[in-house]
Amino acid sequence: MSAVLDIKNLTFSYPNGDFLYKNFSLSVKKGEFVCLLGPSGSGKSTLFELICGNLKQNNGYISHKKMAQIYQDPYSSFHPTYSIISQIKDAVKRDLTKDEYLPLCEKLALDENLLHEKPHKLSGGELQRCSILRALLLKTELILADEPTSALDNITQLDVLKHMLKTLNECGILLITHDRALAKWCADKTISLEHM
Ligand code: ADP
Ligand code: MG
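Basis of the calculations
Residues numbered from 1 in each chain as written. Chains lettered and ligands numbered in written order. Predicted model: local features only at pLDDT ≥ 70, side-chain atom pairs only at ≥ 80, totals over all residues. Heavy atoms only, no water. Phe/Tyr/Trp six-rings, centres within 6.5 Å; stacked < 30°, edge-to-face > 60°. Lys NZ or Arg CZ within 6 Å of the ring centre and 35° of its normal. Salt bridge = Lys/Arg side-chain N within 4 Å of Asp/Glu carboxyl O. Buried < 20%, exposed > 50% of the residue type's maximum accessible area, 1.4 Å probe, protein only. Core = buried A, V, L, I, M, F, W, Y, C linked by side-chain atoms within 4.5 Å. Helix = DSSP H or I, 4+ residues; strand = E, 2+ residues; numbered from the N terminus. Contact = heavy atoms within 4.5 Å. Disulfide = S-S within 2.5 Å. Donors = N, O, S within 2.8 Å, 3.2 Å for Na, K, Ca; no water. Arc of directions from axis to C-beta. Near = heavy atom within 4 Å. Polar contact = N/O pair within 3.5 Å; in protein donor to acceptor, adjacent residues only side chain to side chain. Areas by Shrake-Rupley, 256 points an atom, 1.4 Å probe, with all protein chains shown as cover. Pairing = 2+ DSSP bridges. Axes fitted to C-alpha atoms, helices over the stretch in contact; angles between N-to-C directions.

> What is the right way to read the packing of aromatic side chains from this model?
How two aromatic rings sit relative to each other is given by the distance of their centres and the angle of their planes. Under the definition given, this model contains three aromatic pairs. Directly above the aromatic system of F78 lies the positively charged group of R134, at a separation of 4.1 Å from the ring centroid.

In structure tokens:
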């Protein structure tokens, strides 16, 4: 099956820093749930920014199909002055009916009324689920998620991930996490940054 994310021989260091990646390769295929596992400071968010094109690698190449991102910080994931639902509608760039998003809200245990609020009215966990909702509604071939469930309790976290797993027929997922148990539970393939 074709790769929705392909990273080959990536080398990267911040200016005056040590190499975080040296000849690093990784691929995610459609239908695959891949976890990038590593402790704090191992370079997980850096890889996220490299994939998004916000940082430039020293060497190697990164290519990906149409991608939705879920950021680590739920508070910076939405613009502060507009309602969540208007921002989701802007992102998907098509008419969004309640029939489409209400079942997803239910699966994510997200009260629909919250979508009509501005971000500051929501908790970190609620914003994370809004961010996941937006990513699922974008119907992209790749979902790139940096610690997307860190603000959720364990039960909700598993429910949310179970739902993400169900979308796998249509896309590939790269989940960035420090949580080994979580990676073991949901990943088809885990790439560990610990021994790099
Ligand atoms: P993780 O997401 O795994 O916690 P990061 O990718 O955020 O790790 O950071 C990896 C390393 O790169 C850390 O040592 C961090 O201090 C360093 N780092 C992160 N951002 C920058 C930056 N903009 N400039 C220099 N060093 C950075
Ligand atoms: Mg990080």
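We are not done yet, so read on.
> Honestly, the pattern of salt bridges in this entry has me stumped. Any pointers?
Side chains that differ in sign of charge can pair as their charged atoms come close. Taken as a whole, this structure holds five salt bridges when the rule is applied. A salt bridge links D6 to K8, with the shortest nitrogen-to-oxygen separation between them at 3.1 Å. Overall, the relative accessible area of 15% leaves D6 in the buried class. Here E117 ties to K121 by a salt bridge, and the two come within 3.8 Å at their closest N and O atoms.

> What am I meant to see in the nonpolar core here?
One recurring pattern in soluble globular proteins: nonpolar side chains tend to sit buried together. In terms of nonpolar packing, the biggest core is built from 40 residues, with F33, I84, L110, L115, L133, L137 and L175 touching the most fellow members. The element that contributes the greatest number of residues to this core is helix α4 (residues 124-137), accounting for seven residues. Sequence-distant contacts of L133, that is, excluding residues within four places in its chain, are made with I88, Y101, L104, C105, L108, L110 and L115. In this structure, V34, L47, M67 and L174 belong to the second largest nonpolar core, which totals 23 residues.

> Explanation requested: the state of the cysteines in the structure shown.
Should the sulfur atoms of two cysteines be covalently bonded, the bond is a disulfide. All told, the structure shown has zero disulfides when counted by the stated rule. Cysteine C52 is unpaired, with the sulfur of C171 as its nearest cysteine sulfur at 15 Å. Of the cysteine sulfurs around C171, a residue in no disulfide, the closest is that of C186, at 13 Å.

> Sorry, what's going on with the coordination of the magnesium ion (ligand 2) here?
In an ideal octahedron of six donors the angles at the metal are 90 or 180 degrees, and in an ideal tetrahedron of four donors they are 109.5 degrees. The protein atoms donating to the magnesium ion (ligand 2) are S45 (OG) and Q72 (OE1), with metal-donor distances spanning 2.1 to 2.7 Å. Of this pair, S45 sits in helix α1 (residues 44-52) while Q72 sits in the loop between β5 (67-70) and α2 (84-92), and the two are 27 residues apart along the sequence. The exposure class of S45 is partly exposed, given its relative accessible area of 30%. Residue classification places Q72 among the partly exposed positions, given a relative accessible area of 37%.

> Quick question: what am I supposed to make of helix α3 (residues 98-107) here?
One turn of an α-helix holds 3.6 residues; hence residues three or four places apart share an orientation. Taken together, the buried positions of α3 are Y101, L104 and C105. Seen from one end, α3 has its buried residues packed into an arc of 105°, which puts them on one side. Residues D99 and E106 are exposed on α3 and point more than 90 degrees away from its buried face. Two residues or fewer past α3, A109 is found with a positive phi of approximately 55°.

> Mind showing me how you'd approach the site of ligand 1 here?
Taken together, the neighbourhood of ligand 1 is formed by Y14, L20, P39, S40, G41, S42, G43, K44, S45 and T46. Between an oxygen atom of ligand 1 and a main-chain N or O atom of S42, the distance comes to 3.2 Å. Isolated, ligand 1 exposes 560 Å² of accessible area, and the fraction of that covered by the protein chains is 52%. The element best represented in the shell around ligand 1 is α1, accounting for three residues.

> What is the right way to read the side chain of Q57 from this model?
With respect to the helices, strands and loops of the structure, Q57 is situated in the loop between α1 and β4 (59-64). Here the side chain of Q57 touches G60 through a polar contact of 3.2 Å, landing on its backbone oxygen. In contact with Q57, not counting residues within four places along its chain, are L10, T11, F12, L50 and I62.

> Whenever I open this one, the sheet that holds strand β2 (residues 19-29) confuses me. Can you help?
Sheet strands pair by backbone hydrogen bonding; their relative direction is either parallel or antiparallel. In space, the three strands of this open sheet follow the order β2-β1-β4, with antiparallel pairing throughout. Looking at strand neighbours, the two that pair on one side only are β2 and β4, the edges of this open sheet. Strand-to-strand twist of the sheet, defined as the mean angle between neighbouring strand axes without regard to direction, takes the value 15°. Two strands pair when backbone bridges link them, and strand β1 (residues 3-13) and β2 are joined in this way by seven bridges, in the antiparallel orientation.

Scope: geometric values only; no functional claims are made or implied.
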